[in-house]
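Now for the letters of each chain:
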Amino acid sequence: MTTPAQTPPARSDFIRDIVAADLRDGRIREVVTRFPPEPNGYLHIGHAKSICLNFGIAREFGGRCHLRFDDTNPMKEEQEYIDAIERDIRWLGFDWGDHLYFASDYFEQLFEWAIHLVKAGKAYVDDLSADEIREYRGTLTEPGRPSPWRDRPVDENLDLFERMRAGEFPDGARVLRAKIDMASPNINLRDPVMYRILHAEHPRTGDAWCIYPMYDFAHGQSDAIEHITHSICTLEFEAHRPLYDWFIQNLPVPAEPHQYEFARLNLTHTVLSKRVLLRLVDEGVVRGWDDPRMPTLSGIRRRGFPPEGIRDFATLVGVAKTDSVVEVEYLEHTVRDVLNRRALRRFGVLDPLKVVLTDYPEGQVEEMDVPNNPEDPGAGTRKVPFSRELWIERDDFMEEPVRKFFRLAPGREVRLRSAYFITCDEVVKDEEGRIVELRCTHDPATRGGDAPDGRRPKATLHWVSAAHAVPAEVRLYEHLFTDPYPGVDGRDIFETVNPASEQVLTGCFVEPSLASLPVGETVQFERLGYFCPDRDSAPGALVFNRTLTLKDTWAKLRKQGKHDLA
RNA sequence: UGGGGCGUAGCCAAGUGGUAAGGCACCGGGUUUUGGUCCCGGCAUCCGGAGGUUCGAAUCCUCCCGCCCCAGCCA
């Protein structure tokens, strides 16, 4: 309850070291990075690591970071994704200024460069089918063989390539290939395909093109056009770097960018494969791309995670080349850390148990002053109505308390936070023996929560005045997958979806101030966790998402079976 | 068994010849009107393994072992 934790300073890593050295040695004057998403899905926490890296470096070294959509495959890309991606990056806290680009903006230039290679005898049109190309490519241990079309005359290649562009051939009929080395031990250099024919509507260029460049032919050149100095990508592109360099060296590009690779983020109990995420959405396993259980930025946002918590996570996790799987608890820690500092405290009762204060005047209402955030005195206090009948958490009472349970029990006195000390006198049950009400008395001298005689109850409970309580639905969220490493053991990922990943609670009661809390604003329900109004919320029908629980030592003791030990 | 990478605590991760940072998790203790926060302490005689070089090695050399990526007209 003291020193507010600091946002961790950006530490150095091997990429930042390279950037610093390039700046220091004058190899570059200004660092220019780029974040290059393909608009074929929503951004997820793994992308956040890359975004924080690229935009973070630009910010730290006084350079700039471009947002460039890698939209070279119209079969999978959609405007909806472009919009969502821009929204999510902004939400994360980054800005690309005027530097919004699309690989498709460079299609004409790329085409000209392809012609350049053809004229130089370094690219050719191949008539082989996809299957044949695969056969000719060889294997990991055997070299490939040259296509029969490999030595086609330049003029013929030029003519055919122009006609490919003109739409004279059907999809798959021919491709343009770079002529490099069919025997290269690096398969990426065995005459990689540069262009394929795709008679598809492109989200941005419409039907202007029916041939589209492959990633390898588009990415590096796009970097060169934008004068990107450090093209940062994930490890799986490492083997592509020689090809990246080959194109740069063999083309009259305006700059010579360099590619650097780092290990992508993996999280336990989480899947970050776009393919799988798409299936979860399509098959209705979740409520959509922004389901609070999804690792997408939009899901995390809906869940109530603050962007700062994600940024902190990215910096704490670091950047290296070791394949790693970070425990999701680490993310939860940085999120709690931010929320603990910022979130307003509120009262909400998830599983209500009625308490009647037999010695409290009927009809009387007191406005209790309650701190908005003990971590931040500047957050002030609020008034919370208190009256004779209250709701408390059913878990906060035990008729026959076990050894380490020190909440309410018959004959026991506890503190109602910022209100009074109360003592349980009587337990009321229904015919089935279920506890339906607790009859208690309060000590008027403890108003506000402090006893003049200095006595201190072992427990402090949250509460809501029954007459003023606002009903709400609360959705409890847990890991989407029970398996820490979903899919690694060969089991179908969909079979390890946690059936309890979403639990919908109805009949919850929250304090009056919560009725007007804006969607997406995360508050702490004292002693329970962090919650935020979901977009499904409506004026008379509040819906809250549980962002995260608070750390809960008592729950841990019970789970370990230690609550009853001496 | 082709090529490219990587192996430091349960999980991340510094360190790059001078005798193992930090965070998460975990375990103790203190404070506390949230069993939260905060504070204090503990947690690698050892850096995938084996040799070698050196006064001295996680850091250099050799060999071995393990894991990841590449055979899309995906990115």
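Fair warning: this is a prediction, and the values are worked out from it, not measured in the lab.

## So, the packing of helix H2 (residues 45–60) against helix H11 (residues 307–317)
At a minimum axis distance of 9 Å, the contact between H2 and H11 shows a crossing angle of 70 degrees. The pairing of H2 with H11 is recorded here as roughly perpendicular in orientation. Facing Ile45, Ala48, Lys49 and Cys52 of H2, the residues of H11 in contact are Ile310, Arg311, Phe313 and Ala314. Residues belonging to the contact of H2 with H11 are distributed by class as follows: six nonpolar, no polar and two charged.

## A few points about the environment of Arg196
Relative to the elements of secondary structure, Arg196 occurs in strand S6 (residues 193–197). Linking Arg196 and His227, residues 31 residues apart in sequence, is a C-alpha distance of 26 Å. The residues touching Arg196, leaving out its near neighbours within four places in the chain, are Thr72, Asn73, Val175, Cys210, Ile211, Tyr212, Pro213 and Met214. For Arg196, the side chain forms a polar contact with the main-chain oxygen of Thr72, separated by 3.4 Å.

## A word on the sheet that holds strand S10 (residues 345–346)
Read from one edge to the other, the open sheet built from seven strands follows the order S10-S23-S24-S25-S21-S22-S11, with strand pairing classed as mixed. The sheet is open, and its two edges are formed by S10 and strand S11 (348–349), each paired on a single side.

## Remarks on unusual backbone geometry
Positive phi outside glycine occurs at His227, with the angle close to 55 degrees. In this structure, His227 sits in the loop between helix H7 (215–225) and strand S8 (230–234). Classification of His227 by relative accessible area gives partly exposed; the value is 40%. One non-glycine residue with positive phi stands out, namely Ser418, at about 60 degrees. Structurally, Ser418 is set in the loop between strand S16 (413–416) and strand S17 (421–429). Under the relative-accessibility criterion, Ser418 is labelled buried at 9%.

## A short note on the domain arrangement of chain A
Parsing chain A into structural domains produces domain 1 (107–215), domain 2 (264–347 + 463–566) and domain 3 (352–456). The straight-line distance from the C-alpha centre of domain 1 to that of domain 3 is 75 Å.

## Observations regarding the packing of aromatic side chains
Summed over the entire model, instances satisfying the criterion amount to 24 aromatic pairs. Arranged with centres 6.2 Å apart and planes meeting at 85 degrees, the rings of Phe313 and Tyr330 form a pair that is edge-to-face. In this pair, Phe313 sits in helix H11 while Tyr330 sits in helix H12 (residues 328–342), placing the two residues 17 residues apart along the sequence. According to the relative accessible area criterion, Phe313 is buried, its value standing at 2%. Centre to centre, the rings of Phe525 and Phe531 are 4.1 Å apart; their planes meet at 20 degrees, and the pair counts as stacked. Across this residue pair, the class does not change: Phe525 and Phe531 are buried.

## Let's talk about the state of the cysteines
Disulfides are covalent bonds that connect the sulfur atoms of two cysteines. Counted according to the given criterion, the structure contains zero disulfides. The thiol of Cys440 is unpaired, and the distance to the nearest cysteine sulfur, on Cys424, comes to 4.5 Å. Cys440 sits in the buried class, given a relative accessible area of 0%. Between Cys532, a free cysteine, and Cys508, which holds the nearest cysteine sulfur, the sulfur-to-sulfur gap is 14 Å. A relative accessible area of 0% places Cys532 in the buried class.

## Some points on a positive patch on the surface
Positive charge collects at one region of the surface, where Arg403, Lys404, Lys551, Lys556 and Lys562 lie side by side. Within the secondary structure, Lys551 is located in the loop between strand S25 (542–549) and helix H13 (553–560).

## Looking at the pattern of salt bridges
Tallied over the full model, the rule gives 52 salt bridges. Where Glu168 meets Arg163, a salt bridge forms, and the shortest distance between an N and an O atom there is 2.7 Å. Judged by its relative accessible area of 46%, Glu168 falls in the partly exposed class. Salt-bridge contacts for Asp337 lead to Arg341; the nearest nitrogen and oxygen are separated by 3.1 Å. With Asp337 and Arg341 both in helix H12, this residue pair falls four residues apart, about one helical turn. Linked through salt bridges whose partners overlap, the residues forming this network are Arg287, Asp290, Arg302, Glu473, Arg475, Glu502, Asp534, Arg535 and Asp536.

## A closer look at H2
Here H2 contains 16 residues, and its C-alpha end-to-end distance of 21 Å stays within 8% of the 22 Å for a straight helix at 1.5 Å per residue. Counting buried positions along H2 gives 14 out of 16 residues, so the element sits mostly inside the fold. Positive phi appears at Gly62, one or two residues downstream of H2, with a value of about 70 degrees.

## Things to note about the pairing of strand S22 (residues 502–510)
Here two bridges tie S11 to S22, and the two strands are oriented antiparallel to one another. Residue Gly348 lies in a different strand from S22, and its bridge partner there is Val510.

## Comments concerning helix H9 (residues 274–282)
Restricting attention to buried positions, one finds in H9 the residues Val276, Leu277, Leu280 and Val281. The buried side chains of H9 occupy one side of the element, clustering within an arc of 140 degrees when seen end-on. Of the residues in H9, the exposed ones pointing more than 90 degrees away from the buried face are Arg275 and Asp282. Just downstream of H9, Gly284 is the residue with a positive phi angle, here 70 degrees.

Quick notes on the rules
Residues numbered from 1 in each chain as written. Chains lettered and ligands numbered in written order. Predicted model: local features only at pLDDT ≥ 70, side-chain atom pairs only at ≥ 80, totals over all residues. Heavy atoms only, no water. Axes fitted to C-alpha atoms, helices over the stretch in contact; angles between N-to-C directions. Helix = DSSP H or I, 4+ residues; strand = E, 2+ residues; numbered from the N terminus. Parallel < 35°, antiparallel > 145°, perpendicular 65-115°, else oblique. Contact = heavy atoms within 4.5 Å. Nonpolar A, V, L, I, M, F, W, Y, C, P; charged D, E, K, R; others polar. Polar contact = N/O pair within 3.5 Å; in protein donor to acceptor, adjacent residues only side chain to side chain. Pairing = 2+ DSSP bridges. Buried < 20%, exposed > 50% of the residue type's maximum accessible area, 1.4 Å probe, protein only. Domains from an automatic or database assignment. Phe/Tyr/Trp six-rings, centres within 6.5 Å; stacked < 30°, edge-to-face > 60°. Disulfide = S-S within 2.5 Å. Patch = residues over 30% accessible without salt bridge, like charges linked within 9 Å, V, L, I, M, F, W, Y side chains within 5 Å. Areas by Shrake-Rupley, 256 points an atom, 1.4 Å probe, with all protein chains shown as cover. Salt bridge = Lys/Arg side-chain N within 4 Å of Asp/Glu carboxyl O. Lys, Arg positive; Asp, Glu negative; His and termini not counted. Charge placed at Lys NZ, Arg CZ, Asp CG, Glu CD. Expected span 1.5 Å × (residues − 1). Arc of directions from axis to C-beta.

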